[in-house]
Amino acid sequence: MILSSEQQTLIKAAADNVDAWRIEEDIQRRRGISVELRRTIEEIGILEGATLDHKTFCQIVSLLWQIQNLNPMQMPRLLGSFHYKVHFGGFEGSVGDLRAKLESEKGSSDLYEGADLTAVSEALRGIYAASAAEQYHGAKIMLDVPGAGVAIVSGLMQLCHPTKYAIINKASLAPFGKTGRLSLSSQQRTAALEEARSRLRDIADPKDRVLGEIFRWQELMAEVLQVCELADFHVLDQFIWTMEGGEYLNPAERMRPILDMLPAEEENVKVRADAEKKARSLIESNLGTMSEAQFSELFELLNTCVGKSGVVYTRFAPAFVGKNANLLIERTVELNAWIPKLWKASDDELKTLLTQFWEERFMGGGRSLPTAILYLRDKEKFAVWMSSLENALYSVVNGLPAKIRTGFSYLQYCERLQRLRKSLGFPPELHDWILFKLMTKEPTGGEKLGSTTTGQFAGFSSDAFQFLADLSDNNNTDWFQTNKERFQQVLEQPLRFLFKDLGDEVITSLDPTLETTPNTKKCLSRINKNTYGKPDVEPYNKSLWGAFYRKRLTKQTDCQLYIAVRSQTLSFGLFLGEEAEEVRQSLIQRMEENPDLAQRTFAQLLESGFLFVPETTGEKMPHVDIGNYEQFLEFVKGCHFNVCRILAPEEAVSAGVSLKARIANDFRLLYPLFLLATSDDPRTEVTRYLEIESHDGEDDASEKITIADVAAATYMEEAFFQKLDRYLKDKQQLIFFGPPGTGKTFVALKYAEYLTQDKSKVRTVQFHPSYGYEDFLEGLRPVTRNGQLAYEVQSGIFKSLCDEARADLKNQYVLIIDEINRGNLPRILGELLFLLERREETTMLPYSKKQFSIPRNVVVIGTMNSSDRSIALMDLALRRRFHFVMMEPRKEVLAAWLKQQNKPQWIESVFSQLNEALRAEKIEEDRYVGHAHFMSHQLNEEHLELIWEGTVEPLLKEYFFTAPELLEKFRLDNFLSSCAETIAEQEISVDVGDSSENLEGFDSAEVQA
């Protein structure tokens, strides 16, 4: 096998999670396309020696386009410019007409003739054939056809032989790349090539490029198919690309703070839905005949939403507003031709139609215009597509953002987004709102991006700079080996930690497409030079640096957000070097095409005090004085350059850990310039980023959760939570116990959020009689290996949490164990009884045989009902490890909640007298009725009857099982009569209606413990 056991386990687990990727309808569609291609090849006669014609070749490529994302830029070379325009672009006219059109639009009438159809026909005959030798020969011929490429050749092979070949393209190979989740080693790549050579040794020349570019990867894909036990390569093709992208198996974990904001957006949803309904009606009533005024109205309706100050028109701004709207309105005639096509097209037609639209390059439209029309057509199926929204989506779901705009990529985006939307339950009207929040949301707990309270970076010491000065004077192997440990401690490790923290806390949120791996193969440079064959060259560099850049490129060939340490300076900023000339030229072109946008970007940089420095290889970095945009444009045109800060060693050292926050803020300021150089749609993306803080008129910054916040949310006293803090300083384990309905779980969750300042660092589990050590800490789990059943050690929830906390010791982590007393605690906890009390000790785990300890930054909070007196039954050794906190039924909590929620105050008297009556009947305190039963946002007199009949009376029947005659006085009508005097004294009407406010906090469904 080429894949290691670890790689096999990883990919099998991903494939087994079918809910995350499998779409049966799409698999059947792919199989149908395969049948259609084979039928087409059989019917056109090329198997009998006929030659393919241009029209049929275009039809075959159209089928390929329905199963993968092909680059439209290559299509004219393959199909011929004229035939491509006719079949895919809807062009009507002669070759001469097309030449004239291109001459007028682009100043050039050059056309591609297209591939040699005789060679293509021979290749198709071979690929379709039954023998491996003929298939290999056909693939080899097709790969040499200009414009074909690996994706098209392997696509033809797969459609002809879906049980034998996979599609090989960037998406399917991404998991196996150096930064992919499976990360093949060079030895594994070589092994795959040798497997292909061995299998085809009687057919292929070992030097054939088709072996390395296609058949090498077919060996690997065949192995994946076997490991994952998938039916055919149609299924594998659907699955494999989802191995990359978002790191969140449960996106709700990261998105919970945003989802918690949804109840407050009811008015926003209503306003958006009403505007969308009007926009939809406007299109349907005037399909293909809309006037300029109606387009203006349509764009305003599309942008209608609710901001802080009321209804605003900034939903997709800068799309559909200002200059962008005017550019579109100027093309009213063309829009009236396009919109009916988009309104009526099938999914398969859309793949071609959208690609055709984007080739027209509608200024002001970009991705957003056609996809907004489709969204209005069917909001349950389609969504508005912008690159920023797509990057945000693929930061939480698996898959990769599109590098080119095609209909195939758009429909993939829609499918992933609609699956996320349905799983998390947010309305389609808020799909863009959710993704914008995800894109801009800073870490919870009130910490700013790059704050000093998280991560491992602790600052640079003065010896970091002194080391580089000493290295400059002693640039030889002997000296460096003697000082290697010093280098690692004072320079390499701090820089690595800095990149790790910035990557985790800033860059991934800023742009999920950037490389953030903090090692020398990715973001960081090497201190040693490549001196092979150069004996006179000094062996070590005099600086150490690193950069964030787009994953598909390299540090040197892309625009960089960099940090560089030299003996006399520490600099950080944006850099475009000599090898990134193509990106610099792209920046120049975008600046000339979008002067207003470029001026705004420059103005921000100038105002922020950045230095403008030409590329230099020396220690000094002399900057150029630039005072206006014209000078900046000439500067960009004239040299490779830095836009940066330059700190002296003393300033960098004195900044300490706060240096990270300073760099993080500057990277955010520089990011619009980065986008201007790299974005496919700079007008939309750069403007969006420049104005991101004002989106919908809201401020996304979270505030630090305080004890006062927790007290307010739980309607309890601050002193209670201050006491909990003191308990945790003594023991890091608490158990909340009390009668049912006293809010134990709710209070535990709120307190955990305060401790962690980040919900993602809180885990919850509920114990029950069948729960075991293997679920909680670690255990053997069955897995299938090569069709054989095997058992492997897998971590449970607590060990996984401890491992996560161990790598992040500056932050608190909390495990909440609900109903802790319902499990067999000695069996579940095992040796943890020892480790809970002695956090610095270690013990060997029985399954993995590895040393294990509980980090100090892990807190355990349990909850348990005391109505069954189970505390007395708990193991004394276990009880010694926890502080126990009583949660009693409290009328003060209920009274505070009733007052704030504008509910009938007399209900507090009913609650108090109920427990007094139970006391009089000598019912134990552990069986009193909890206040949370009554804390429902639907609470009114009618709902009180439901609570009483559905919750209170069943409890009382249990309590008075041997004395049923006592139940009569506890019937609601009778009990209210006995409380009538108290209720009357409160002078509160029993007819108070249900408050329309959404309850933040208690609801009986949430808090009854």
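Below is a summary of the structure that appears in this document. Quick caveat, the model's predicted, so the values are computed rather than measured. (Residues numbered from 1 in each chain as written. Predicted model: local features only at pLDDT ≥ 70, side-chain atom pairs only at ≥ 80, totals over all residues. Heavy atoms only, no water.)

### Some thoughts on the overall build of the chain
Of regular secondary structure, the chain possesses 46 helices and 17 strands. When each of the 1009 residues of the chain is scored for burial, the buried share is 56%. For the chain, long-range pairs separated by at least 24 residues make up 70% of all intrachain contacts whose partners lie at least 6 apart in sequence. When the accessible surface of the chain is split by element, carbon and sulfur atoms take 48% of a total near 43,800 Å². (Helix = DSSP H or I, 4+ residues; strand = E, 2+ residues; numbered from the N terminus. Buried < 20%, exposed > 50% of the residue type's maximum accessible area, 1.4 Å probe, protein only. Contact = heavy atoms within 4.5 Å. Areas by Shrake-Rupley, 256 points an atom, 1.4 Å probe, with all protein chains shown as cover.)

### Things to note about the packing of helix 15 (residues 266–285) against helix 16 (residues 292–302)
Following both chains from N to C, one finds helix 15 and helix 16 inclined at 155°, their axes separated by 9 Å at the closest point. As summarised for this structure, helix 15 and helix 16 are arranged roughly antiparallel, according to the angle between their axes. When the axes of helix 15 and helix 16 are compared, the crossing they make is left-handed. On the side of helix 15, the interface is formed by Ala275, Lys278, Ala279, Leu282 and Ile283, while helix 16 contributes Gln294, Glu297, Leu298 and Leu301. Here the contact of helix 15 with helix 16 is composed, by residue class, of six nonpolar, one polar and two charged. (Axes fitted to C-alpha atoms, helices over the stretch in contact; angles between N-to-C directions. Parallel < 35°, antiparallel > 145°, perpendicular 65-115°, else oblique. Left-handed = near helix turned anticlockwise from the far one by under 90°. Nonpolar A, V, L, I, M, F, W, Y, C, P; charged D, E, K, R; others polar.)

### Details of the nonpolar core
Soluble, globular proteins show a tendency: their nonpolar side chains are buried together. Ranked by size, the top nonpolar core spans 77 residues in total, and within it Met142 and Phe215 carry the most contacts. With 11 residues, helix 12 (residues 209–228) is the largest single contributor of residues to this core. Shared between two domains, this core holds at least three residues of each, these being domain 1 (25–68) and domain 2 (115–242). Non-local contacts of Phe215, meaning those with residues more than four positions away in its chain, are made with Tyr136, Ala139, Met157, Tyr165, Ala196, Leu200 and Val210. Residues Ala464, Cys523, Phe548 and Ala598 belong to the second largest nonpolar core, which totals 70 residues. (Core = buried A, V, L, I, M, F, W, Y, C linked by side-chain atoms within 4.5 Å. Domains from an automatic or database assignment.)

### Section: the packing of aromatic side chains
Taken as a whole and judged by the stated rule, the model has 42 aromatic pairs. Each ring, one from Trp65 and one from Phe88, has its centre 5.3 Å from the other, and the planes form 50°; the classification is tilted. Placement of Trp65 in helix 3 (residues 54–65) and of Phe88 in helix 5 (residues 81–89) is noted, with a sequence separation of 23 residues between them. In this structure, Trp65 and Phe88 share a single accessibility class: buried. Their ring planes at 85° and their centres at 5.3 Å tell us that Trp338 and Phe357 sit as a pair that is edge-to-face. On the criterion of sequence distance, the pair formed by Trp338 in helix 18 (residues 332–344) and Phe357 in helix 19 (residues 347–360) is long-range, its members being 19 residues apart. With a relative accessible area of 8%, Trp338 lands in the buried category. For Phe357, a relative accessible area of 2% corresponds to the buried category. Taken together, the ring pairs connect Phe602, Phe612, Tyr629, Phe632, Phe635 and Phe641 into an aromatic cluster. Just above the ring of Trp385 sits the side chain of Arg367; from NZ or CZ to the centre is 4.2 Å. (Phe/Tyr/Trp six-rings, centres within 6.5 Å; stacked < 30°, edge-to-face > 60°. Lys NZ or Arg CZ within 6 Å of the ring centre and 35° of its normal.)

### Structural notes on the sheet that holds strand 17 (residues 883–886)
Taken together, five strands build an open sheet; the order of strands is 10-13-16-9-17 and the sheet is parallel. With partners counted over all chains shown, the strands left at the sheet margins are strand 10 (762–766) and strand 17, one partner each. Across the sheet, the axes of successive neighbouring strands diverge by a mean angle of 20°, strand direction being ignored. Two strands pair when backbone bridges link them, and strand 13 (residues 813–818) and strand 16 (residues 858–865) are joined in this way by five bridges, in the parallel orientation. For Leu815, the partnering residue across the bridge sits in strand 16 and is Val860. Along the sheet, helix 37 (residues 797–806) contacts strand 10, strand 13 and strand 16; its crossing angle with strand 13, the most-contacted strand, is approximately 165°. (Pairing = 2+ DSSP bridges.)

### Notes on a negative patch on the surface
Together, Glu942, Glu945, Glu949 and Asp973 make up a negatively charged patch on the protein surface. Examining the composition of the negative patch, we find that three residues originate from one element, helix 43 (residues 941–959), more than from any other. With respect to the element layout, Glu942 can be found in helix 43. Its relative accessible area of 61% is what places Glu942 among the exposed residues. (Patch = residues over 30% accessible without salt bridge, like charges linked within 9 Å, V, L, I, M, F, W, Y side chains within 5 Å. Salt bridge = Lys/Arg side-chain N within 4 Å of Asp/Glu carboxyl O. Lys, Arg positive; Asp, Glu negative; His and termini not counted. Charge placed at Lys NZ, Arg CZ, Asp CG, Glu CD.)

### Re helix 16
Residues of helix 16 that are buried: Gln294, Phe295, Leu298, Phe299, Leu301 and Leu302. Axial view of helix 16: buried residues confined to an arc of 160°, hence all on one face. (Arc of directions from axis to C-beta.)

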